[in-house]
Amino acid sequence: MKPRPRVFVTRVIPDAGLDRVREACDLDLWEDDMPPARDELLRRVAGVDGLLSLLTDRVDDELLDAAGPQLKVVSNFAVGFDNIDVPALTKRRLPAGNTPGVLTETTADLAFALLMAAARRIPESVDYVREGRWKTWGPMLLMGVDIHGATLGIVGFGRIGREMARRGRGFGMNVIYHDVHPATPGEEAELGARRVEMDELLRDSDFVSLHVNLTEETNHLIDADALRAMKPTAVLVNTSRGPVVDAGALETALRDGEIFAAGLDVTDPEPLPVDHPLVAMPNCVVVPHIASATRVTRDRMAAMAAANLLAGMRGERLPTPINPEVYE
Ligand code: DGY
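Residues numbered from 1 in each chain as written. Predicted model: local features only at pLDDT ≥ 70, side-chain atom pairs only at ≥ 80, totals over all residues. Heavy atoms only, no water.

Trainee: How do you make sense of the overall build of the protein when you look at a structure like this?
Mentor: Per the secondary structure count, the protein includes 13 helices and 12 strands. Scaling as 2.2 N^0.38, a compact globule of 328 residues should have a C-alpha radius of gyration of about 20 Å, and the protein matches this with 22 Å. Its C-alpha atoms give the protein principal-axis dimensions of roughly 75 × 50 × 35 Å. When burial is assessed residue by residue, the protein has 50% of its 328 residues classed as buried. In the protein, of all internal contacts separated by at least 6 residues, the share reaching a separation of at least 24 is 61%. For the protein, the separation between the mean place of its 36 positive charges and that of its 50 negative charges on side chains is 4 Å. (Helix = DSSP H or I, 4+ residues; strand = E, 2+ residues; numbered from the N terminus. Rg over C-alpha atoms; globule rule 2.2 N^0.38 Å. Buried < 20%, exposed > 50% of the residue type's maximum accessible area, 1.4 Å probe, protein only. Contact = heavy atoms within 4.5 Å. Lys, Arg positive; Asp, Glu negative; His and termini not counted. Charge placed at Lys NZ, Arg CZ, Asp CG, Glu CD.)

Trainee: Teacher, can you tell me more about the sheet that holds strand β3 (residues 50-53) here?
Mentor: The strands that make up a sheet are held in pairs by hydrogen bonds between backbone atoms, and each pair lies either parallel or antiparallel. Strand order in the open sheet formed by five strands is β2-β1-β3-β4-β5, and the pairing between neighbours is parallel. Every interior strand has two partners, whereas the edge strands, β2 (26-29) and β5 (96-97), have only one. Helix α2 (residues 38-45) rests against β1 (6-9), β2 and β3 of the sheet, and its axis sits at about 160° to β1. Across the sheet, helix α13 (residues 295-313) touches β1, β3, β4 (73-76) and β5, and the angle it forms with β4 is around 175°. (Pairing = 2+ DSSP bridges. Axes fitted to C-alpha atoms, helices over the stretch in contact; angles between N-to-C directions.)

Trainee: Any chance you could explain the site of the ligand here in plain terms?
Mentor: Taken together, Leu55, Ala78, Val79, Gly80, Leu103, Arg241, His289, Ser292 and Met301 are the residues near the ligand. Measuring from an oxygen atom of the ligand, one finds a backbone N or O atom of valine 79 at 2.7 Å. With respect to the ligand, the side chain of arginine 241 contributes an N or O atom lying 2.7 Å from an oxygen atom. A per-class count over the shell around the ligand returns five nonpolar, three polar and one charged. (Near = heavy atom within 4 Å. Polar contact = N/O pair within 3.5 Å; in protein donor to acceptor, adjacent residues only side chain to side chain. Nonpolar A, V, L, I, M, F, W, Y, C, P; charged D, E, K, R; others polar.)

Trainee: What am I meant to see in the sheet that holds strand β6 (residues 151-155) here?
Mentor: Strand order in the open sheet formed by seven strands is β8-β7-β6-β9-β10-β11-β12, and the pairing between neighbours is parallel. Of all the strands in the sheet, just β8 (193-195) and β12 (284-286) have a single pairing partner and so form its edges. Strand-to-strand twist in this sheet, taken as the mean axis angle between neighbours without regard to direction, amounts to 20°. Here β6 pairs with strand β7 (residues 174-178) via five bridges, running parallel. Its bridge partner lying in β7, threonine 151 is registered against asparagine 174. The sheet contacts of helix α7 (residues 159-170) involve β6, β7 and β9 (207-210), and relative to β6 the element is tilted by about 175°. Lying on the sheet, helix α11 (residues 247-255) is in contact with β10 (235-238), β11 (261-264) and β12; it crosses β11 at an angle near 140°.

Trainee: Mind showing me how you'd approach the packing of aromatic side chains here?
Mentor: Two aromatic rings are characterised by how far apart their centres lie and by the angle between their planes. Following the criterion strictly, the structure yields two aromatic pairs and no others. Each ring, one from phenylalanine 157 and one from tyrosine 177, has its centre 3.9 Å from the other, and the planes form 15°; the classification is stacked. Linking phenylalanine 157 in the loop between β6 and α7 with tyrosine 177 in strand β7, this pair joins segments that are 20 residues apart in sequence. Here the two residues phenylalanine 157 and tyrosine 177 agree in accessibility, since each one is buried. (Phe/Tyr/Trp six-rings, centres within 6.5 Å; stacked < 30°, edge-to-face > 60°.)

Trainee: Is there a simple way to explain the nonpolar core in this structure?
Mentor: Generally speaking, soluble globular proteins have nonpolar side chains that are buried together. Counting residues in hydrophobic clusters, the biggest one holds 29 residues, and the most contacted among them are Ile222, Leu227, Leu236, Leu250 and Leu278. Elements supplying a minimum of two residues to this core: α9 (198-204), β9, α10 (224-229), α11 and β11. With five residues, α11 is the largest single contributor of residues to this core. Setting aside anything within four residues of it in sequence, one finds leucine 250 in contact with Leu227, Leu236, Val245, Ile259, Ala262, Leu264 and Leu278. Formed by 28 residues, the second largest nonpolar core is a distinct cluster that contains Phe112, Ala119, Ile154 and Val237. (Core = buried A, V, L, I, M, F, W, Y, C linked by side-chain atoms within 4.5 Å.)

Structure, rendered in structure tokens:
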């Protein structure tokens, strides 16, 4: 009997994916809540045919060398893949997969939830009640900023950015966006969004929501200058990747009233230490990278990650390859 392929899965993912892997492979599963330490990861990948990685695992030359030449596929349980050195895989003609499409709406839902929570000071208000400070109705109490009628500026107009636009339109917002790849006039009309340059977006938006991949170009895209260019009443929402925002500059901007508030699903560093100044700021709503965290969506991500892994080990084209150039 042909030996079953060996795979390492770097964290427990939903059974919707794990069961498929278990059925077809000799599975080594990292069961701890924390990711494997680097040396452990390098040890566990040695000799595997497939790797199912998370955004907390760096996949680079060192790891690929540690795995060995029999490795056939890397399947990332995420749509973002900044943890993967794609050229390092491509030069070995090794396919990598991600999980696009299945988490689009769920992520946009959370981005909009952060927008609303920061605008209407929901966490602060909840604390106010919990701490027993609610003594009467107050005409000046916990005033926020309006969402309806406001301008939503979307940076990065891919799948998730466009879903954010739909949510904005549903709330009666005026939607503008910036992306190096403009949408077609038909798409703009359908989404009710208008493309503007970045400086115009920062100047005119009441809400700036980030939906770009993390690349060299987008690292610290929102820096001190960008924050200063925003309205003092503006809210920044980040559900992309932490380093897209300069955390030090954001801290200054929030403290000095350069912007009104921020809602962050992603941070730099990540996780954000509990004693980090942003955690204590009342006008900064931080949640622990949960944008895709619903049962249905995580099941879909798991199924998709398993499908990529299994296809790669059969030598078939991955359903959703990150580097389709390996098939050229
Ligand atoms: C992703 O998929 O890239 C998210 O950050 C986690 O779902």
